[in-house]
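# Working through the structure, step by step
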Amino acid sequence: MSVDDLIKEGDDVLLYLDLKRSYILKIDAKQQRFHTHKGFIDLSELRGKHYGERIDSSTSFSFYVLKPTIYDYVLRFARHTQILYLKDMSILISHTGIGPGKRVVEAGTGSGALTAMLAYFVRPEGVVYSYEVRQEFLEKATKNLERVHLANYVNFINRDVTEGIEQKEADSVILDLATPWLVIPHAHQALRGGGTFASFSPTIDQVMKSVEALKNEGFVKIETLECIVRRINVEPGKTRPETLMIGHTGYLTFARKVDKEGPTPSQMEKL
Ligand SMILES: C[S@@+](CC[C@H](N)C(=O)[O-])C[C@H]1O[C@@H](n2cnc3c(N)ncnc32)[C@H](O)[C@@H]1O
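Residues numbered from 1 in each chain as written. Predicted model: local features only at pLDDT ≥ 70, side-chain atom pairs only at ≥ 80, totals over all residues. Heavy atoms only, no water.

## A few points about the pairing of strand β1 (residues 12-18)
Going by this rule: Classification of residues uses two cut-offs on accessible area relative to the type maximum, computed with a 1.4 Å probe and protein chains only: under 20% is buried, over 50% is exposed, and between them is partly exposed. A run of H or I in DSSP becomes a helix once it reaches four residues, and a run of E becomes a strand once it reaches two; helices and strands are each numbered from the N terminus. Two strands are said to pair when DSSP picks up at least two bridges between them.
Counting buried residues along β1, five of its seven residues qualify, which places the element largely inside the surrounding structure. Sheet topology note: the β1/strand β2 (residues 21-26) ladder contains six bridges and is antiparallel. Within β2, the residue paired with Y16 across the bridge is S22. Connecting the antiparallel pair β1 and β2 is a turn made up of two residues. Pairing between β1 and strand β6 (residues 62-66): three bridges, direction antiparallel. From the neighbouring strand, L14 faces β6, where its bridge partner is L66.

Shown next, in the form of structure tokens:
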């Protein structure tokens, strides 16, 4: 076991009981006990343990001590808006090529769930510029980001993004708001040549308006998809998808910025 796996003061740990019951807590000398509905955990026993070890509660339920992932943190964010589902964030990140060092413009910030995921991936050299029209949402989102030590990678901007994007040569522009088509001309100006665009919308009407705007504005490789995830119950003789699932969240529309030009030579011939 490595020293990095040793649990110490100030660490966040995920106490895992089962898929429906797990808790994130901070190791803090001032706190002696952590209470769960399956008895309490004696925190003095946690210090000096390694991640992956077991700890039993006062009523002899076994919890496992895990290091929280960004997924665990984002699921527990305080929410004052609908947040983007992790299934949609995952495909968004890979499709747009967001990674270390990238400069990403995002709107709106909402609860900051997507902002946190973007910040996590652009670290340590990259930056997320996150626009939000409502100051009170921005403040709450900032707290969520601070809690997971990701606020330093985000530049929060309290502004209506339909009025313009001040950044230039951005690698990606990502939208999760009600009227993305109004932002698409600004996204075109903000992106570098070939930069990636993504927009999340719950309804088909929003998608149609956005795709039309993308075609008019100088984007190619325009693609809309829906990500549907089913959890599978795995038990001998009973392995099958769960009966209940998240049926619909929204559609993801992707595109790449190119130069806005007049008609191509072949289009001219048809005129
Ligand atoms: C669905 S929430 C975004 C949730 C966010 N992606 C998350 O995962 O937590 C949409 C947000 O966009 C903001 N918004 C709507 N129109 C906006 C605009 N024109 N400029 C900036 N923010 C806007 C809303 O105030 C709201 O907070």
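This is not the end of the story, as more comes after the structure.
## A look at the layout of surface pockets
Note the cut-off: In this analysis a 1.4 Å probe is tested at points of a 1 Å grid over the protein atoms alone, and where it fits but cannot get out there is a cavity; an open set with protein on both sides within 12 Å along at least five of seven lines is a pocket; lining residues have an atom within 4 Å of a point. Grid points are joined across faces, edges and corners, and a volume is the space filled by probe spheres set on the points. Residues are grouped as follows: Ala, Val, Leu, Ile, Met, Phe, Trp, Tyr, Cys and Pro are nonpolar; Asp, Glu, Lys and Arg are charged; all remaining types, including Gly, are polar. An automatic or database domain assignment supplies the start and end points of every domain.
The computed volume of the largest pocket comes to approximately 1,100 Å³. Forming the boundary of the largest pocket are 29 residues, of which L19, Y71, L75, R231 and I246 lie nearest the centre. Going through the elements one at a time, β1, β2, α2 (70-75), α3 (86-96) and β13 (232-233) are the ones with two or more residues in the lining of the largest pocket. Residues belonging to the lining of the largest pocket are distributed by class as follows: 16 nonpolar, three polar and ten charged. Structurally, the lining of the largest pocket is a two-domain feature, drawing no fewer than three residues from each of domain 1 (3-68) and domain 2 (72-270).

## Some words on the site of the ligand
Quick reminder of the rule: It suffices for a single heavy atom of a residue to lie within 4 Å of a molecule or strand for the residue to be listed as near it. Pairs of N or O atoms are called polar contacts if they sit within 3.5 Å, as long as, within protein, a hydrogen donor faces a hydrogen acceptor (for residues adjacent in sequence, only side-chain-to-side-chain pairs). For accessible areas, the Shrake-Rupley method is used with a probe of radius 1.4 Å. Any residue's cover is judged against the shown protein chains and nothing else. A molecule is said to be in a cavity or pocket once over half of its atoms fall within 2 Å of that pocket's grid points.
Around the ligand sit 21 residues in total, of which L84, E132, D160, V161 and D176 are the nearest. Within the backbone of S111, an N or O atom sits 3.1 Å from an oxygen atom of the ligand. Take V133: an N or O atom from its main chain is 3.2 Å from a nitrogen atom of the ligand. Relative to its unbound accessible area of 610 Å², the ligand is 85% covered by the protein chains. Because more than half of its atoms lie within 2 Å of the grid, the ligand is assigned to the second largest pocket. The residue inventory of the shell around the ligand, partitioned by class, reads eight nonpolar, eight polar and five charged.

## Quick word on the nonpolar core
What counts, and what does not: In this text, buried Ala, Val, Leu, Ile, Met, Phe, Trp, Tyr and Cys residues form a nonpolar core when linked through side-chain atoms within 4.5 Å. Should any heavy atoms of two residues lie within 4.5 Å, those residues are considered in contact.
Formed by 33 residues in total, the largest nonpolar core has its most connected members in V74, M89, L92 and L118. Elements with a contribution of two residues or more to this core: α2, α3, α4 (113-122), β11 (191-201) and β15 (251-257). Sort the elements by how many residues they give to this core and α4 lands first, with seven residues. For M89, the contacting residues outside a window of four places in its chain are V74, L84, A113, L114 and M117. With 20 residues, the next largest nonpolar core counts V173, I184, A213 and L214 among its residues.

## Regarding the pattern of salt bridges
Between side chains of opposite charge, pairing is possible as soon as their charged atoms come close. How we decide: For this document, the term salt bridge refers to a Lys or Arg side-chain nitrogen within 4 Å of an Asp or Glu carboxyl oxygen.
Applying the stated criterion across every chain yields a total of 14 salt bridges. For K238, the salt bridge goes to E235, with nearest N and O atoms at 3.4 Å. Shared partners join several salt bridges into a network, and the residues in it are D12, K26 and R147.

## Some remarks on unusual backbone geometry
A107 connects to G108 through a cis peptide bond whose omega is -15°. Relative to the elements of secondary structure, G108 occurs in the loop between β7 (103-107) and α4. Put simply, R123 and P124 share a cis peptide bond, and its omega is -5°. Inspection of the secondary structure puts P124 in the loop between α4 and β8 (127-132). Of note in this structure, S60 is not a glycine but carries a positive phi near 65°. Tracing the backbone shows S60 in the loop between β5 (54-56) and β6. What makes S60 exposed here is its relative accessible area of 61%.

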